[in-house]
Each structure stands twice: as structure tokens, then as C-alpha cells.
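# Coordinates in review
Listed below are the residues making up each chain.
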Amino acid sequence: MLQLFKTLTIGAFVAQSCIAVTVTVNKTPSHTVPSTLYGQMFEVQFHSGDGGLYAELLQNRAFQQVTPNTAAALTAWHAINGAQLTVISDSTPVSNALPNSLQFTVPAGRTGAVGFSNEGFWGIKVDNSWVYKASLHFRFPSSSSFSGALTVGLQTNSGRVLAQNSTQIRGDTTKWTQVNLELHPTASAPDVNNSFFVTIDGAAGAGQTIHFALLSLFPPTFKDRANGLRIDVAEALAEMGPAFFRFPGGNNLEGQTTATRWQWNATVGSLLDRPGRAGDWGYVNTDGLGLLEYLQFFEDTHMEPIMAVWAGYSLGGTSLAENQLEPYIQQARDQINFVIGDPATSEPAALRASLGHPEPFNLRNVEVGNEDFFASSSYPYRWHDFVQALSAEFPKLQFIATTNAWNPILTPVPKSYDVHVYQTPTWFYQNAFYYDDFQRNGTTYFEGEYAAISTNPNDLFGSPQDGRLLFPTVAAAAGEAAFMTGLERNSDIVFAAAYAPLLQHVNSTQWTPDLVSFDAGSVIKSVSFYAQKLFALNRGDQYLPSTLPARGGSLHWSITRASDSGKTFIKVANAGNAAQSVSLDLSQFSSVANTGTLELLTGPETASNTPEAPGTVVPKTSTISTGKAFTYDAPAFSVGVITVITH
């Protein structure tokens, strides 16, 4: 994520003249625009997975990867009415993958409900139109005569019960037993200051000790998938119209050490068999959002994966020696076979089939590692050994290299490189011609991470006081859009591009800005989100050459056409601080509709969509007069898409 282009010196901001630029459009396409051009880059960071896209509402639900008998092990859990709570390494764990449990003891002398609560991921949304599915595992460590109700529910932080349900439990239940209960709220909560609770009667349970493991609470999920995704977050991602989804990272693929890398086989099957891992962004990943859940999401949203495999380098700085790689190459083979293998000949594919998906998923692109310019001295042998082995077994797959393009020299020659850039809005519009100068030698490029993150080119990763953006601004979106017109113009070699990062929980982030923000109850679509959406949903399959913009200028355009419908998409990005005009000449076409539509995203330079004002800047659609010749006045700091029918 931290790579920077070797950039031009960023000059002073100079507005272009308001004299109209004449743009002559050639009706003969220069190349086909890839269907994969616009998509999304995802990794589990900033609670984008747990607490975000993954719908589980309980934080620290299974006490994974925590140190027993510490206060930190109880993160998000709180005692009710004097209950004694300790996370222990259970002598009889609920599973080998989940060795810890919550030891709950009712002190003597308590009356009323005694138990514990979970605060969720900075709150829990309670909606009375939803049915919540609660589950937990429990056992008594030693048999007792207890018999009574175990109650689970949802309540406001002030104690008002919004939903509850009960089941009878007995003290002679010394083996792990699962409880599943539905919760039907009687009212919606006005905010997310709510919690999940588990209680028994204090008087009846005095002196009792019960162990709990893998507690869970799910709201309704996207496409009603079991162990599924949060509806509003998933719908926001689908709304953007992405063609692909890069996963599972990103830095979170690599781990700080070899042992803590992301491993596909630890993320599939029963939740009881997923140990979780220490993530790379300061918190534990449950891996409830696992390989199968990702793949189902792609099917549900008609995206294709760009999947990464771990390639021998960890963020702590360790590169495995070449003679140590074979087990990890095999794990990569197995990961790919889980996705596309034949269940009759592949054990990982047979596992996929046993989990309900005998047909292979769609997969064309596999990324070998992540940002290996950080380990460029070892990448040549790692790339060689991984790609040689994997391409022999999967000859139809395209493998993507992750070092700087052409440095170091790699064998076999990469068919694709992943390029990352984080810069200023000015840099993006001044570098809209970046790919125009790349050789056409058969290699393609994946602009795998990019975003305008700061207004200060001398301290890109500094504080907000020094120019760092908290949320994408109108100027940032306009600069990115100018760069994206260059991606379209060069889509003969740029086959995919994704803004990054994709998601952030506003209560837990280590990086800004992000494309989509959210809290426990709402989603905030940024200005850059809408720019991405405008480009993704208005992409023709033919690129139409036209008069080129001025290199380094703030006004840029790109024109594509849908060959089946004649819809012609004219994208105009004005990243300057004054309106600029474009006179469009479409006279090469036999006919051009007299009217078209204009989708326009514009606003003040520094305006953002924030949790306090999520709808500050949104696109507006209007009718525009068109024809074989017409002029479009692009407002300052704007992204406009004109759609007109041509034949």
C-alpha cells in the first residue's frame, strides 16, 4: 500500500483557460475495453471484514488468539449484575481450533438476572423488522442440580430490553451443547448504543459456573446466505458496479511472520474449525469471512476474483529461502484447486463440493504475493518457482507480479504487473498520461491500488493537519477521475483498476481516506465512490480515439461506446478551480441523438461525504442537448458523464 510512483515535481495549481477545447471523436474504435476495467480491492483492515462486510454482530465472539486470564481477553464483553467472568484455556475445549472459553460464575447472594453482555463492534443496530439469529455453545465443567432458563437478548445501553428469548438448561450438561434462538425485537432502537446479553436467574444459579464458547449473533444477511454478509455494506459495494474483487489482500495476506500468514484452509468449513489469526492491522481476524464466503459473494454480485496467493514473504521482513518454498507452493495449488479444481481428482475441490458447491468458481487471475517491491531481492526466485509450478498445473490462469514493473527482471516474463500509487489530487490529473508511454509488448497492468490521500506532496502519509484527507474530497475525486480517463485510453494494456482502501469502520481505522465508510448502523459512500460508480456503470466495450487532452492539464476526457446499443459515454473530468468548456465533434457518425443524459458530480473543492453529512455531494442526472456538434461546460472540480446514442 505504501508504494509511490517516482513522480514529477508537483507545480503550482494553475487553472486552464475557459476557451472551449474542440474534441473530435473518431467513430472507429482503437481497441476493446476490458470488461474487468473497474473493480474493488479488499483486505481485512480497519474492521472492513469483522465488524464490516461480515455480518457477525458480536466482537471477540470465540476468544480467538487471545491470552487467557487477561483483561484484554475479555474485549467487548462485560459482566451483568456482578457476574464473574474469565477467559480460560479450557481443559475440554469446544474444538481444537478454539481452545478458549468464557468461564461465567454467579456469585452467592445475587438476585435478578446475572450474566454478561457484548457491545458489538462499537454498537449493535436493532431493527424491529429483522429477525436475529443467536447461537452459543455451553457446558457445565462439573455436573450440578441446576435447572433454569438461559436468556439471550438485545437491550439498549440504558437497560431497556428490545428482544429476548429463552431456553431451559440443566446442570448435568457437561458436554458442549449448542443453543440456537431467534430474537424478534419489539421496537427499533434510535441509535446503535445497544448490546447483546446472556443471563440466568441469580438466585437459582448462585454458585454455578458455566463455560461458553463461540457465541454469535447474525442479522439478516445479503442474499440470505448462512454465515453471510452485512446487507447495507454488501449492497453499497454491489451498487458501484464492480467487475472484479481483489482479495484477500493486501498486507493482510502476508502476515507479520510466516506462521501468521493468511491460509485458505483455516478459513473454510465449520466455524468451530477456524482458529482465526493475528491480523496485520492490530486486531484478531476471526476468518468467519473465509474463502468460500468470498467466492459466494462474487457469484451473488457477478464479480470475478483476482485472488492472491502467499508467496514466501512476510511483513516482518522474512523471505523464505528457495529450498523452503515447496510446502507453500503446494498450499497455493490447493487454494486454487479449492476454487476451480475437479472434485473427482482434487481433495481441496472435493472439500468445496462437500460444502455445497461442486461446480468450479470463476477464476482467471492470480496474484503472486503482495507489494513484493519490499522484498525485490528474493522475489525473482520466489516468482519463478511459484509461477513455474502453478502455471504447469493451471495453464489457463494469468499470474500477476507484484514488484515494480520490470525491476527486477523476472523469469518467466510476467504477463501482468500490479501497480500501486497514493498521491495528491494534483498528481493524479498531471499524470493522466502515465500509461501512454508504456511499451506495448504483451504485458498488461493492474492498477491495483490508487487514491488521492493528501494535498501535501511533501508529506503524503502525514496528519490531517498537514494535508492528509480524512474522507475523499471533490478535488480528490476529480483528480482521480482525470487519471481514470487515462486508464480508459490505455485499456489496451490496463486491464483492471481499483481504488484503495475500500472499506473502513469509522470507529477503528488506521488509514484515511477510504472509499466506503460505515459504523454499526449506517454506510457513508464517499465522493470518490460516486466517481468510481460513474466510470464503472458507464463503460462501453469500444474505446473511441479523440483529440488528446493537454498533458499535465486539469481537463481530461475519455470516450467509450457500447457496440450493442450505440450508447456513447463521454467522460469529462475537470480537476481545475474554474469551469472549462469542451466542444465535441461527433460528425463522423451517421446519426447522433439530439439529446442525451448528463450525470454530474461536483461541489466545493474540499467538500466530503462524512458520517455527519453523508449526502453532501452526490451525482445529479439531467437531460443535455447533444447532436453531431455540441459544447459541454464542465464545472470546476467536477466529474461528468454524458450518454448519447450514436450510429
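Keep in mind that this is a model prediction, so the values were computed, not measured.

## Structural notes on unusual backbone geometry
That bond from Phe247 to Pro248 is cis: its omega, -5°, falls within 30 degrees of zero. You can see Pro248 is positioned in the loop between β14 (244–247) and α2 (251–254). Here the amide bond leading from Asn407 into Pro408 is cis, since omega sits at 5°, within 30 degrees of zero. For Pro408, the location among the structural elements is in the loop between β19 (398–401) and β20 (416–423). Phi at Asn69 takes a positive value of approximately 65°, unusual for a residue other than glycine. As for its placement among the helices and strands, Asn69 is situated in the loop between β3 (40–41) and β4 (77–80). For His302, which is not glycine, the phi dihedral falls at a positive 60°. Secondary-structure assignment places His302 in the loop between α3 (291–301) and β17 (304–309). Looking at His302, the relative accessible area reads 70%, which means it is exposed.

## Considerations on the sheet that holds strand β29 (residues 580–585)
Strand pairing in a sheet relies on backbone hydrogen bonds. The paired strands run either parallel or antiparallel. The strand order across the open sheet formed by three strands is β1-β29-β32, and the pairing between neighbours is mixed. Strands with a single pairing partner mark the edges of an open sheet, and in this sheet they are β1 (21–24) and β32 (629–634). Each strand of the sheet is rotated relative to its neighbour by a mean of 25°, with strand direction disregarded.

## Regarding the pairing of strand β28 (residues 567–574)
Among the eight residues of β28, seven are classified as buried, and the element is accordingly described as predominantly covered. Taken together, strand β27 (residues 555–561) and the strand that follows it, β28, pair antiparallel across an intervening segment of five residues, in which Gly566 is found at a positive phi of about 80°. Relative to strand β33 (residues 638–645), β28 runs antiparallel, the two being bridged by eight bridges. Paired with Val572 across the two strands is Gly640, which belongs to β33.

## Some remarks on the nonpolar core
Counting 128 residues, the largest nonpolar core has Leu53, Phe245, Leu291 and Phe297 as its most contacted members. Leu154, Leu162, Ala187 and Phe212 belong to the second-largest nonpolar core, a separate cluster that totals 41 residues.

## Digging into the packing of aromatic side chains
In total, this model carries 42 aromatic pairs according to the counting rule given. Where Trp130 meets Tyr132, the ring centres are 5.9 Å apart and the plane angle is 55°; that geometry is what we call tilted. The class for Tyr132 is buried, based on a relative accessible area of 0%. Seen in terms of ring centroids, Phe140 and Phe146 are 6.0 Å apart; in terms of plane orientation they differ by 35°. Their pairing is tilted. In this structure Phe140 comes out as buried when scored by relative accessible area, which is 1%.

Calculation criteria
Per chain, residue numbering runs from 1 following the sequence as it is written. The predicted nature of this model means local features are confined to residues of pLDDT at least 70 and side-chain atom pairs, given and counted, to a pLDDT of 80 or more, with totals for whole chains, interfaces and linings taken over all residues. By convention in this description, side-chain values take in all heavy atoms of the structure and omit both hydrogens and water. We count a stretch as a helix when DSSP gives it H or I for four or more residues in a row; a strand needs E for two or more, and each element gets its number in order from the N terminus. Burial here depends on accessible area, computed with a 1.4 Å probe over protein chains only, as a share of the maximum for the residue type. Under 20% is buried, over 50% is exposed, and the range in between is partly exposed. Being paired, for any two strands, means DSSP has found at least two bridges between them. Note on geometry: axes are C-alpha line fits, over the in-contact stretch for helices, and angles between N-to-C directions span 0 to 180 degrees. We define the nonpolar core as a collection of buried residues of types Ala, Val, Leu, Ile, Met, Phe, Trp, Tyr and Cys that are connected through side-chain atoms lying within 4.5 Å of one another. Classification of ring pairs rests on two measures: the distance between centres of Phe, Tyr or Trp rings, Trp counted by its six-membered ring, which must be within 6.5 Å, and the angle between planes, read as stacked under 30 degrees, edge-to-face over 60 and tilted in between.

Structural measurements only, silent on function.
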